[in-house]
Amino acid sequence: MRSAKRVSFWVLLVAFVALSAWWCVYFPYEPERLLRAVPPNAVFVSRHRNLAERWRECVRNPAIQHFMAALDADSETARKMENDDAVERLARQYAGRDLVIAYVPTLPGSSEPAWVFASWAGAGAQRLKFLAECGLIEGAEAMDLGYGRKGWRVSPDHVDGAILSVATVGGVILGCLSDDPAGVRHPLARLKGRAPVLPAVCGWLKAGERGEPDWDVAAPDRGWIKIAGSFGGIEFRVRSCTADALEGSVSGELNFQPAGGGTWASPEARSEDARQIEEMIRDAPAALATLPLEAAQKWFFGPDTKPEWQAVAAAALGHAAKHTPGFIAIGKPEYNGHIMGLGVPSALAGIKLKDPTKAPDLIAACLDLLNAAYGFGVIAKSAEIAGQPATVIKGIKSNGYGRLKSAERVAMAARGDWLILASNRDGLTKIMAGWKSDGEAGSVEWARALSCSSAPYFAWVDLHSARKGAGVLLALCDLMSLAGASVADPEVMENLELAKNWLDALKPLRHCRLSLRPAGRQFDIEFSFSAER
């Protein structure tokens, strides 16, 4: 009897100790606590599911590496992280099942920006607290956050002037990277005070998502950005982030309604037009976009445009086939033309005509409008290019356009139901030379993507060629400035330089595809970056 009581005592004691230990390290999953830590003035918030499991692939993505470099981190930091087992181990311990990252322009009492982190690490948070209190984390310095709260600060070697302050609350690890040594006290106060969640990300806390370990498996990374031109910012979801691909979507509500919501009348018509466009320009584009002609008219020939150009746009729209977007493209470097002897990328545009036999009438009407309004002195002259009939726009005055050589002038040609316009005859000659060969339909990557896209707005970019083209444009602008021919707009130059930097960073990737589906003011953009050739 006494033996039975002794056994019962030890069983209960062991159970009590086990339950006590479990109680100390177990915390029920509450994702809203992470979002409560986000400051109300945040302009960027992202949320990541089980990031540690995908760590190596994510940090190998060229866009992620360039993004880290843009944060003033050492350019080699991301590359070092790819194969650093210690970093991956820390990510598994402390990134947790759910990680929230936010960017704020300023923290209270500071004029400098800051990054705020909140991770659901469960027992990992208690482990971090124990190691820090025992002085086992190198470089961590304890600090008093007030109201009996304790935190730690570290000065990362790879981020200039920034201090990382850290605190733990239950199963949550909080962090703040800023010039404030105790910046973590702000998200800590919000979490402890049960501050309201930022309205823009309240939708992330769906009833069915609460407590579920596999929230949004289809898109494990999501985010929100506050930008001008949209109501309440835009949301993005990333379905795949690897060294060779970045795929997802962006959605939101604009301050304006995009024009021309319609597109091809049927999938069959879309596939047929994609085939015809492919036959015309083959692999010439470094970048190509299709858009409803009504949208092109509104964007490029809006209310602020001179009436003469609006009349030209109206004439083109009057001759265009219904339910068929037009296209614009920039040619690859091998399709470059020349202006004043300088090599420049060729620009292309095309529309499908209701009656292809009326193409000369459309060209003549547009030139008459421009000559009457501006006295350009240009006429349409028939020509033969690569053995095919074409039209070259000739200048009959001794103005800037009139002094251009024949190969540098604007040229047009028709193929099937389509009329194509090229910024120079040189580029069009190279394109039309390919009309003699019968290539297999759908053999060009952009044409395959276009034939499968159901969106009215579509864009495709060959990142390698676009990078070369941006470099040529920058060099040309610099050369013209040095020669005193013109002074480039500083804002344009800055944006072009920024675009080239991103294209340089994305060098390992090959193609970019975008498709836009507007619905009133709402929009949804699917994006895909891939290394496929």
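Above: the structure in question.
Residues numbered from 1 in each chain as written. Predicted model: local features only at pLDDT ≥ 70, side-chain atom pairs only at ≥ 80, totals over all residues. Heavy atoms only, no water.

Caption draft 1: Spotlight on a nonpolar patch on the surface. Together, Phe256, Trp299, Phe300 and Ile328 give the surface a local cluster of nonpolar side chains, amounting to about 410 Å² of exposed area. Relative to the assigned elements, Ile328 resides in strand E12 (residues 326-331). (Patch = residues over 30% accessible without salt bridge, like charges linked within 9 Å, V, L, I, M, F, W, Y side chains within 5 Å. Areas by Shrake-Rupley, 256 points an atom, 1.4 Å probe, with all protein chains shown as cover. Salt bridge = Lys/Arg side-chain N within 4 Å of Asp/Glu carboxyl O. Helix = DSSP H or I, 4+ residues; strand = E, 2+ residues; numbered from the N terminus.)

Caption draft 2: Examining helix H9 (residues 267-281) more closely. Its 15 residues give H9 an end-to-end C-alpha distance of 21 Å, which sits within 8% of 21 Å, the value for a rise of 1.5 Å per residue. Buried within H9 we find Arg270, Asp273, Ala274, Gln276, Ile277, Glu278, Met280 and Ile281. Positive phi appears at Arg282, one or two residues downstream of H9, with a value of about 50°. (Expected span 1.5 Å × (residues − 1). Buried < 20%, exposed > 50% of the residue type's maximum accessible area, 1.4 Å probe, protein only.)

Caption draft 3: Here's a closer look at the environment of Leu450. Within the secondary structure, Leu450 sits in helix H14 (residues 445-452). For the pair Leu450 and Arg275, spaced 175 residues apart in the sequence, the C-alpha separation amounts to 9.3 Å. Those residues in contact with Leu450, other than ones at most four positions away along the chain, are Trp264, Arg270, Ala274, Ile277, Thr290 and Phe458. (Contact = heavy atoms within 4.5 Å.)

Caption draft 4: Local environment of the packing of helix H11 (residues 307-319) against helix H12 (residues 359-374). Two elements in contact, H11 and H12, have axes separated by 9 Å at closest approach and are oriented at 175°. Here H11 lies roughly antiparallel to H12, going by the angle between them. Where H11 approaches H12, its residues Glu308, Trp309, Ala311, Val312, Ala315, Ala316 and His319 are matched on the opposing element by Leu362, Cys366, Leu369, Leu370, Ala373 and Tyr374. The class makeup of the residues in the contact of H11 with H12 is 11 nonpolar, 1 polar and 1 charged. (Axes fitted to C-alpha atoms, helices over the stretch in contact; angles between N-to-C directions. Parallel < 35°, antiparallel > 145°, perpendicular 65-115°, else oblique. Nonpolar A, V, L, I, M, F, W, Y, C, P; charged D, E, K, R; others polar.)

Caption draft 5: Local environment of the nonpolar core. By size, the foremost hydrophobic cluster in this structure holds 34 residues, and its most contacted members are Leu246, Val250, Leu463, Leu506, Phe523 and Phe529. The contacts of Val250, once residues within four sequence positions are left out, are Ile234, Glu235, Phe236, Phe523, Asp524, Ile525 and Phe527. By size, the runner-up hydrophobic cluster in this structure holds 32 residues, among which are Tyr29, Val169, Cys176 and Val201. (Core = buried A, V, L, I, M, F, W, Y, C linked by side-chain atoms within 4.5 Å.)

Caption draft 6: Structural detail: the pattern of salt bridges. A full pass over the atoms with the stated rule returns 12 salt bridges. A salt bridge links Arg60 to Glu57; the nearest nitrogen and oxygen atoms lie 3.0 Å apart. One end of the pair is Arg60 and the other is Glu57, both in helix H3 (residues 55-60) and 3 residues apart, which spans about a single turn. For Arg60, a relative accessible area of 37% translates into the label partly exposed. For Glu57, a relative accessible area of 31% corresponds to the partly exposed category. Its salt-bridge partner being Glu272, residue Arg275 comes within 2.3 Å of it at the nearest N-O pair. Linking Arg275 with Glu272, this pair stays in helix H9, spanning 3 residues, or about one helical turn.

Caption draft 7: Layout of the packing of H9 against H14. Between H9 and H14, the least distance of the axes is 8 Å, while the angle of their chain directions is 160°. Regarding the angle of H9 to H14, the classification is roughly antiparallel. In this structure, H9 crosses over H14, and the sense of that crossing is right-handed. Taken together, the residues of H14 that come into contact with H9 (itself represented by Arg270, Ser271, Ala274, Ile277, Glu278 and Ile281) are Trp446, Ala447, Leu450, Ser451 and Cys452. When the residues that make up the contact of H9 with H14 are grouped by side-chain class, the tally is 7 nonpolar, 2 polar and 2 charged. (Left-handed = near helix turned anticlockwise from the far one by under 90°.)

Caption draft 8: Focus on the pairing of strand E16 (residues 378-385). Bridge analysis of E16 against strand E17 (residues 388-395) gives 8 bridges, and the strand direction is antiparallel. Looking at the pairing, Ala383 lines up with Ala390 of E17. In sequence, E16 turns back onto E17 through a hairpin of 2 residues, with Ala386 there showing a positive phi of about 50°. (Pairing = 2+ DSSP bridges.)

Caption draft 9: Inspection of unusual backbone geometry at higher detail. The backbone of Arg282 shows a phi angle near 50°, a positive value even though the residue is not glycine. In this structure, His323 is a non-glycine residue whose phi angle is positive, near 60°. Here His323 shows up in the loop between H11 and E12. His323 sits in the exposed class, given a relative accessible area of 55%.

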